[in-house]
Amino acid sequence: MSHTPAQPYAEVIGDPIIQSKSPAIHGFWLDELGLDGRYDHCHVTMDGLPTYLELRRADAAWRGCNVTMPHKQAVLPLLDTIEPIAQRIGAVNTIVRAADGTLSGTNTDAPGFMEPLGATRFETVTVIGAGGAARAVLAALADVGTSWVSLQNRSLEKAQALLAEFGLPGHAFALGEQVPPADLLVNTSALGMTGQPPLPHLLDDVADGAVVYDIVTSPLDTELLREARERGFVTVDGLAMLIGQADHAFARFFGTKPPRVEDARLRERIVSGRRE
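Everything numeric in this text was worked out from a predicted model, so none of it was measured. (Residues numbered from 1 in each chain as written. Predicted model: local features only at pLDDT ≥ 70, side-chain atom pairs only at ≥ 80, totals over all residues. Heavy atoms only, no water.)

**Remarks on the overall build of the protein chain**
Secondary structure assignment for the protein chain yields 9 helices and 12 strands. Since a compact globule built from 276 residues should have a radius of gyration of about 19 Å, the 19 Å found for the protein chain is in line with a globular shape. Principal-axis analysis of the C-alpha atoms places the extent of the protein chain at approximately 70 × 40 × 35 Å. Carbon and sulfur atoms provide 54% of the accessible area of the protein chain, an area that totals close to 12,500 Å². Counting 23 positive and 34 negative side-chain charges, the protein chain places the averaged centre of each group 4 Å from the other. (Helix = DSSP H or I, 4+ residues; strand = E, 2+ residues; numbered from the N terminus. Rg over C-alpha atoms; globule rule 2.2 N^0.38 Å. Areas by Shrake-Rupley, 256 points an atom, 1.4 Å probe, with all protein chains shown as cover. Lys, Arg positive; Asp, Glu negative; His and termini not counted. Charge placed at Lys NZ, Arg CZ, Asp CG, Glu CD.)

Here's what the structure looks like:
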């Protein structure tokens, strides 16, 4: 009797996870390419993380997963290998399963963050937050030679340690404290996300012609971005980074590059909430 292989699949894990737009992105690409595969979301608690990975390790149809809050650092000791970029960032956002069940962790957040910024070099940057996403952003800023980073966080000690770890010139500031005028403002925290407290007003410390970048994806159009547009700043939403980092993950999961020429249609579908 012939055996039909199970449909290959990948997924995104987190707690919470229902708000994730990753299934819409990867599902769109799978449909456009006509690939046999699917991409799901899976609610995984911190306590359930080791069991989840052991079950998936044994599933030959599972190609891997994207990792979101609060697991980006917690998965590190549970994997077999960590790729250099994830080692440097100290956080994993993509896990790939090899044919033998080996689990490898990498990080696609840094290139995903930089993609919508292109070749622009920002001299003075303000970053909000000091979690796993902030680590990827700081690594990317270090790679492009940013001259000064104002890192705003509740814990000044943690923020200052992060700047030192990535070799970035700058200073730690309390959230909402006045900072040097920034050419780029990046919110990597959960503040402003649905169900979370709002960000304090930060745009008085943004230079004319600056870019305001909020990696929050729920809601996609955050209060920070709306206020920034009203004040004439260029804005980048979290979907830009999410699509950029998903590009790299998709290729690892399904063995081919996604159809990025369809980005406008993809974005329209996600923003409108359509599922066809």
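**A short note on the packing of helix α8 (residues 238-254) against helix α9 (residues 263-272)**
Where α8 contacts α9, the two axes come as close as 12 Å, and the packing angle between them is 125°. Classed by the angle they form, the pair α8 and α9 counts as oblique. In this structure, α8 crosses over α9, and the sense of that crossing is right-handed. Contact residues: Leu239, Ala240 and Ile243 in α8; Asp263, Leu266, Arg267 and Ile270 in α9. (Axes fitted to C-alpha atoms, helices over the stretch in contact; angles between N-to-C directions. Parallel < 35°, antiparallel > 145°, perpendicular 65-115°, else oblique. Left-handed = near helix turned anticlockwise from the far one by under 90°. Contact = heavy atoms within 4.5 Å.)

**Considerations on the sheet that holds strand β3 (residues 62-67)**
Read from one edge of the open sheet, 6 strands run β2-β1-β3-β5-β6-β4, paired in mixed fashion. Strands at the two margins of the open sheet, each flanked by one partner only, are β2 (38-43) and β4 (81-82). When β4 meets strand β6 (residues 103-106), the two strands line up parallel, connected through 2 bridges. When the sheet's bridge partners are listed, Ile82 is paired in β6 with Gly105. (Pairing = 2+ DSSP bridges.)

**Some points on the side chain of Ser104**
Position of Ser104 among the secondary structure elements: in strand β6. A relative accessible area of 14% places Ser104 in the buried class. In this structure, Ser104 is in contact with Leu79, Thr81, Glu83, Thr94, Ile95 and Val96, ignoring residues within four places of it in sequence. (Buried < 20%, exposed > 50% of the residue type's maximum accessible area, 1.4 Å probe, protein only.)

**Notes on the environment of Trp29**
As for its position among the elements, Trp29 is in helix α1 (residues 22-33). Residue classification places Trp29 among the buried positions, given a relative accessible area of 0%. Expressed as a C-alpha distance, the spacing of Trp29 and Asp263, which sit 234 residues apart in the sequence, is 9.7 Å. Leaving out residues up to four positions away in the same chain, Trp29 has contacts with Ile243, Ala246, Asp247, Phe250, Pro258, Pro259, Arg260 and Leu266.

**A word on the pattern of salt bridges**
Enumeration according to the criterion identifies 19 salt bridges in this entry. The salt bridge involving Asp109 is made with Lys72; its shortest N-O contact spans 2.7 Å. Here Lys72 lies in the loop between β3 and β4 and Asp109 lies in helix α4 (residues 109-114), a separation of 37 residues in the sequence. Take Asp109: its relative accessible area is 4%, and that puts it in the buried class. By relative accessible area, which is 14% here, Lys72 ends up buried. Asp143 is the partner of Arg88 in a salt bridge, and the nearest nitrogen-oxygen pair spans 2.9 Å. Of the two residues, Arg88 sits in helix α3 (residues 84-89) while Asp143 sits in helix α5 (residues 132-143), which places them 55 residues apart along the sequence. Taking the relative accessible area as the measure of exposure, Arg88 reaches 37% and is therefore partly exposed. When its relative accessible area of 55% is taken as the criterion, Asp143 is described as exposed. (Salt bridge = Lys/Arg side-chain N within 4 Å of Asp/Glu carboxyl O.)

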